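Residue-level listing of the chains:
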Amino acid sequence: MSNRLPDGFKSGQVQVNGHHMKRKQFRSLSAYVLQDDALLGNLTPRESLRYSARLRLPRTMSRKEKKQRVEEVIRRMNLIGCADTVIGYPGLKRGISGGERKRTSVALELLTSPMVLFLDEPTSGLDSATALSLVRHLKSLAEDNRTVICTIHQPSTEMLQLFDDVFFLSAGQLLYSGPVLDLPSYFKNAGFPLPQFVNPADHIMGLITRDPDEAAEDVEDRITTLAEHYTTHNNLISVDEHAIGVDLTQPPPMTKGGVLWHVKLWVLFTRSFKQRLRDPGNTYQRLVENIVISIFAGLLFLQLGHDQEGKNVLVLPLYLTNFILPISNQRSRGCTLPIDHLLSFRNR
């Protein structure tokens, strides 16, 4: 639905305010927060936000306006206390906490003021208090005329009450879609009343998932019953109920004026240069490695004759310089390639 899959079978249409959107148009109106935080550990949250603003905000905005947008997002996501702290790498380099990392990832997507915000399991890897705090921040974003859609596993009762509407899926079948407040009455009418003092989300997930000691037929019967009940009591969320004050006759506004390619090149160069400067160990290692290999490669060409025998010996130095050296240089990129790939996926 977020139009982020590069391939795969997709059907149906994605509409915004009742208007069909092309893939590129919808991506300019929406943002997607990955489950894995794609952050450069040697930068601070403020630096990451400023670089992202220079790459993604329209060129019609001045540098001062972009900095103001960054500071506004920092205040909105409560990142003031850690804005100038190095992000770090979990388990490798100490930095900000897990909750602050997740809020930084959300802040990076809020720079473009998207109408729709998608999040892939934003609470995974967080403790209960941090997860609840994050969902409260997402709730405040939804109250600011923004649609927030996320997948979430094992929400607490307090966390579940923060959601306006929920969807329950099992084996590709939609079993419920509607307000959280309607959960008790809906499942009671379906023949599966929710017990008192029990988390509704845990109880419903217990209905549609198989327990190790339970027969598969019992779970399939419950899912079939709930699916049939859904077809006869279709409670799909109505657009009109959430479109108060929104003009559905007009298509949503589109952002124009992307950043020029040479500006992006310069921003990426400066960001990468600062990232390398703050990782002196890896930088010095690559420098010494290239110097030593270059010296040995140069010695192979020393005192080579100009006759046929010298030409035969020349094969080894040519092989070394054309194949071994590039592979050695790419080996040092292996540690940064995954994070760079995620960054390019997010920024495209």
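Our subject is the structure that appears above.
1. Description of helix α9 (residues 216-232)
Part 1 of the argument: Its 17 residues place the ends of α9 25 Å apart at the C-alpha level, agreeing with the 24 Å of an ideal helix rising 1.5 Å per residue.
Part 2 of the argument: Within α9 the residues assigned to the buried category are V219, R222, I223, L226, A227, H229 and Y230. Angular distribution of buried residues about the axis of α9 spans 160 degrees; they occupy a single face of the element. For α9, the exposed residues lying more than 90 degrees away from the buried face are E217, E228, T231 and T232.
Part 3 of the argument: Its buried side turned inward, α9 meets β6 (165-170), β7 (173-179), α7 (183-189) and α8 (200-208).

2. What to know about the pairing of strand β5 (residues 147-151)
Part 1 of the argument: Two strands pair when backbone bridges link them, and strand β4 (residues 116-120) and β5 are joined in this way by 5 bridges, in the parallel orientation. Looking at β5, one finds that F118 is bridged to I149.
Part 2 of the argument: Read from β4 through helix α5 (residues 128-142) to β5, the crossover connection turns out right-handed.

3. As for the sheet that holds β5
What links the strands of a sheet is backbone hydrogen bonding, and the strands pair in either a parallel or an antiparallel sense.
Part 1 of the argument: If you trace the 3 strands from one edge of the open sheet to the other, you get β3-β4-β5, paired in parallel fashion. Each edge of the open sheet is held by one strand with a lone partner, namely β3 (30-33) and β5. Neighbour-to-neighbour, the strand axes of this sheet turn through a mean angle of 15 degrees, independent of strand direction.
Part 2 of the argument: The strands that helix α4 (residues 98-110) touches are β3 and β4; relative to β3, the one it contacts most, it runs at about 160 degrees.

4. Some points on the environment of M77
Part 1 of the argument: Mapped onto the elements of the fold, M77 is located in the loop between α3 (63-76) and α4.
Part 2 of the argument: Through-space distance from the C-alpha of M77 to that of L138 is 9.2 Å; in sequence the pair is 61 residues apart.
Part 3 of the argument: Once you skip the residues sitting within four places of it in the chain, M77 turns out to touch R103, V106, A107, L110, H137 and L141.

5. Some thoughts on the pattern of salt bridges
Part 1 of the argument: The tally for this structure, following the rule as stated, stands at 9 salt bridges.
Part 2 of the argument: In this structure, R46 engages E71 in a salt bridge whose closest nitrogen and oxygen atoms are separated by 2.9 Å. With a gap of 25 residues between them, R46 in helix α2 (residues 45-56) and E71 in helix α3 connect regions that are remote in the sequence.

6. What to know about α4
Part 1 of the argument: Taking 1.5 Å as the rise per residue, α4 with 13 residues should run 18 Å; its terminal C-alpha atoms sit 19 Å apart, in good agreement.
Part 2 of the argument: Counting buried positions over the 13 residues of α4 gives 11, a clear majority of the element.
Part 3 of the argument: Those residues of α4 not exposed but buried are G99, R101, K102, R103, T104, S105, V106, A107, L108, E109 and L110.

7. Let's talk about a negative patch on the surface
Part 1 of the argument: Together, E217, D218, E220 and D221 give the surface a local cluster of negative charge.
Part 2 of the argument: Secondary-structure assignment places E220 in helix α9.

8. Topic: the nonpolar core
Part 1 of the argument: Counting residues in each nonpolar core, the largest one holds 54 residues, and the members touching the most others are M77, V106, L117, V166, L183 and F187.
Part 2 of the argument: If near-sequence neighbours (up to four positions away) are discounted, L117 is found in contact with A31, V33, V106, E109, L110, L141, T147, V148 and I149.

9. Thoughts on the packing of aromatic side chains
Part 1 of the argument: Applying the stated criterion across every chain, the model contains 6 aromatic pairs.
Part 2 of the argument: Their ring planes at 55 degrees and their centres at 6.5 Å tell us that F168 and Y176 sit as a pair that is tilted. Both residues of the pair, F168 and Y176, belong to the buried class.
Part 3 of the argument: Judged by centre distance (6.1 Å) and plane angle (20 degrees), the ring pair of F269 and F273 falls under stacked. Of the two residues, F269 and F273 are both situated in helix α10 (residues 261-277); the distance of 4 residues between them amounts to about one turn of the helix.
Part 4 of the argument: The class of F273 is partly exposed, set by a relative accessible area of 47%.
Part 5 of the argument: Through a chain of ring-to-ring contacts, three or more aromatic side chains come together here, namely F168, Y176, Y186 and F187.

Criteria and thresholds
- Residues numbered from 1 in each chain as written.
- Predicted model: local features only at pLDDT ≥ 70, side-chain atom pairs only at ≥ 80, totals over all residues.
- Heavy atoms only, no water.
- Helix = DSSP H or I, 4+ residues; strand = E, 2+ residues; numbered from the N terminus.
- Expected span 1.5 Å × (residues − 1).
- Buried < 20%, exposed > 50% of the residue type's maximum accessible area, 1.4 Å probe, protein only.
- Arc of directions from axis to C-beta.
- Contact = heavy atoms within 4.5 Å.
- Pairing = 2+ DSSP bridges.
- Right-handed = clockwise from strand over helix to strand, strands pointing away.
- Axes fitted to C-alpha atoms, helices over the stretch in contact; angles between N-to-C directions.
- Salt bridge = Lys/Arg side-chain N within 4 Å of Asp/Glu carboxyl O.
- Patch = residues over 30% accessible without salt bridge, like charges linked within 9 Å, V, L, I, M, F, W, Y side chains within 5 Å.
- Areas by Shrake-Rupley, 256 points an atom, 1.4 Å probe, with all protein chains shown as cover.
- Lys, Arg positive; Asp, Glu negative; His and termini not counted.
- Charge placed at Lys NZ, Arg CZ, Asp CG, Glu CD.
- Core = buried A, V, L, I, M, F, W, Y, C linked by side-chain atoms within 4.5 Å.
- Phe/Tyr/Trp six-rings, centres within 6.5 Å; stacked < 30°, edge-to-face > 60°.

This is a description of form; function is not addressed.
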